Amino acid sequence: MATTRLDRVRVARVALDLLNETGLDGLTLRAIAKELDVKAPALYWHFKDKQALLDEMATEMLRRMTADLGDIPDDGWEAALTSAMRTLRRHLLRYRDGAKVYSGTRFTDTSYAAPMEDWLRRLTSAGFTPGAAARAWLTAYSYTIGHVIEEQAMGPRPDEDEGGYDLAARAERLKDFPLAAAAGDELFRSYDQGFEAGLAAVMAGIGATLRGAPGA
């Protein structure tokens with residue numbers, strides 16, 4: 001069993017290395033097998049299909065993320081949860097289509113459980129009911145995943161110095177809709193600032209609607 005697990009992890013690591021070159025659509029078991037110098041059918045011993053591989057890749061991403069979390073800030077639930085979402089975004093951006101790989105997958109082990117327990121305990125200690133704590137975590141998590149999916153779809157790839165959404169062409173198409181045209185600078189540039197502004201709004205909403213709310 002230990003050997004099988006190690007082999008699965010090795011395949012997932014090679015797949016993550018290839019991801020920046022191929023993107024999610026171009027990542028195939030055949031390409032991974034070639035990188036590992038094995039025949040593609042050999043990979044089906046460990047992964048019945050591409051989704052099973054994505055599950056293992058997401059789990060490996062989580063392992064790396066957990067190792068990089070470091071000390072959780074002690075200055076309140078909001079600072080701690082904000083720090084966690086920044087770490088999540090930073091790790092997803094390390095890989096082309098990283099957020100697409102990570103979202104909608106099922107982790108292949110319980111390495112997520114200990115950090116999740118820690119975060120939920122921290123939230124409940126700050127006045128959230130267990131249900132509200134889970135909803136708070138999911139809300140911040142969903143915002144971060146969604147933001148990075150859009151960011152990676154519309155912005156330049158990790159291996160590009162320039163690129164991304166053509167705002168000049170967009171403004172020309174929307175010249176009869178000045179507010180919509182002007183919104184492009186806010187929507188498709190300064191992703192770091194945009195993420196922080198949105199995350200702050202999410203945190204304010206969580207604090208206002210979930211923390212200490214009766215029956216939350």
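Note on numbering: residues in each chain are counted from 1, in written sequence order. Two thresholds apply to this predicted model, a pLDDT of at least 70 for residue-level local features and 80 or more for giving and counting side-chain atom pairs, whereas whole-chain, interface and lining totals are computed over all residues. By convention in this description, side-chain values take in all heavy atoms of the structure and omit both hydrogens and water.

## Section: the packing of helix α4 (residues 50-68) against helix α5 (residues 77-92)
Every angle, taken between N-to-C directions, lies between 0 and 180 degrees, and every axis is a line fitted to C-alpha atoms, over only the stretch in contact when it is a helix. What counts as a helix is a DSSP run of H or I of at least four residues, what counts as a strand is a run of E of at least two, and both are numbered from the N terminus. The contact between α4 and α5 brings their axes to 10 Å, and the two run at 130°. With respect to their mutual orientation, α4 and α5 come out oblique. Remark: the crossing between α4 and α5 carries right-handed chirality. Here M61, R64, M65 and D68 of α4 come into contact with α5, specifically with T87, L88, R90, H91 and L92. For the contact of α4 with α5, the class distribution of residues is 4 nonpolar, 2 polar and 3 charged. Any angle between 65 and 115 degrees counts as roughly perpendicular, while under 35 counts as roughly parallel, over 145 as roughly antiparallel, and the rest as oblique. Left-handed describes a crossing whose near helix is turned anticlockwise from the far helix by less than a right angle; the clockwise case is right-handed. It only takes one pair of heavy atoms within 4.5 Å for two residues to be counted as in contact. Note that Gly is not counted as nonpolar here; it falls among the polar residues with everything else outside the nonpolar set of Ala, Val, Leu, Ile, Met, Phe, Trp, Tyr, Cys and Pro and the charged set of Asp, Glu, Lys and Arg.

## Things to note about the packing of aromatic side chains
Aromatic pairing here means that ring centres of Phe, Tyr or Trp (its six-membered ring) are within 6.5 Å. Orientation follows from the plane angle: under 30 degrees is stacked, over 60 is edge-to-face, and everything else is tilted. Going through the model one piece at a time under the given rule, you end up with 6 aromatic pairs. Where Y102 meets Y141, the ring centres are 6.5 Å apart and the plane angle is 50°; that geometry is what we call tilted. A residue pair is termed long-range when its members are at least 10 positions apart, and Y102 in helix α6 (residues 98-102) and Y141 in helix α8 (residues 130-154) qualify at 39 residues. Among the aromatic residues, those joined into a cluster by ring pairs are Y102, F107, Y112 and Y141.

## Here we look at the UniProt feature "DNA-binding region" (unreviewed entry) in the protein
Under the local residue numbering, the UniProt record ascribes the feature "DNA-binding region" (unreviewed entry) to residues 28-47. Taken end to end, residues 28-47 comprises 60% helix and 0% strand; its first and last C-alpha atoms sit 12 Å apart. UniProt positions are given in the numbering used here, feature names are shortened, and annotations may be inferred rather than shown by experiment.

## Considerations on the nonpolar core
In a soluble, globular protein the nonpolar side chains are often hidden away together inside. In terms of nonpolar packing, the biggest core is built from 54 residues, with I32, M57, M85, Y102, F128 and I206 touching the most fellow members. For F128, the residues in contact, after removing those within four places along its chain, are W77, L123, A133, A136, I206, L210 and R211. Residues enter a nonpolar core if they are buried and are Ala, Val, Leu, Ile, Met, Phe, Trp, Tyr or Cys, with the set joined through side-chain atoms within 4.5 Å. When a residue's accessible area, from a 1.4 Å probe over protein chains only, is under 20% of the maximum for its type it is buried; when over 50% it is exposed; and in between it is partly exposed.

## Examining the pattern of salt bridges
A pairing counts as a salt bridge when a side-chain nitrogen of Lys or Arg comes within 4 Å of a carboxyl oxygen of Asp or Glu. As enumerated under the stated definition, the model contains 12 salt bridges in all. Measuring nitrogen to oxygen at the nearest pair gives 2.9 Å for the salt bridge that ties R86 to E196. One end of the pair, R86, is in helix α5; the other, E196, is in helix α11 (residues 191-209), with 110 residues separating them in the sequence. Look at E196 and you get partly exposed, because its relative accessible area is 30%. Here R121 and D118 are joined by a salt bridge, their closest N and O atoms 3.9 Å apart. With R121 and D118 both in helix α7 (residues 113-125) and 3 residues apart, the pair spans about one turn of that helix. With a relative accessible area of 45%, R121 lands in the partly exposed category. Looking at D118, the relative accessible area reads 29%, which means it is partly exposed. Three or more residues are tied together by salt bridges with common partners; here these are R8, R13, E56, E60, R63, R64 and D109.

## Some remarks on unusual backbone geometry
Its identity is not glycine, yet D37 carries a phi of approximately 60°, on the positive side. Inspection of the secondary structure assignment puts D37 in the loop between α2 (29-36) and α3 (40-43). Residue classification places D37 among the exposed residues on the basis of a relative accessible area of 72%. Even without being a glycine, D97 presents a positive backbone phi close to 60°. When you line up the elements, D97 lands in the loop between α5 and α6.

## Overview of α11
Expected span of a helix, by definition, is 1.5 Å for each gap between consecutive residues, and there is one gap fewer than residues. For α11, which comprises 19 residues, the first-to-last C-alpha distance of 27 Å matches the rise-based estimate of 27 Å (1.5 Å per residue) to within 8%. Here α11 has its buried residues at Y191, F195, G198, L199, V202, M203 and I206. One side of α11 carries all its buried residues, which in axial view fall inside an arc of 145°. For α11, exposure combined with an orientation more than 90 degrees from the buried face picks out Q193, A201 and A208. The arc refers to the directions leading from the helix axis to the C-beta atoms.

## Concerning the environment of R94
Secondary-structure assignment places R94 in the loop between α5 and α6. By relative accessible area, R94 is classed as partly exposed at 43%. Measuring from C-alpha to C-alpha, the distance between R94 and L16 comes to 9.7 Å, with 78 residues separating the pair along the chain. Not counting chain neighbours up to four residues away, the residues in contact with R94 comprise N20 and D68.

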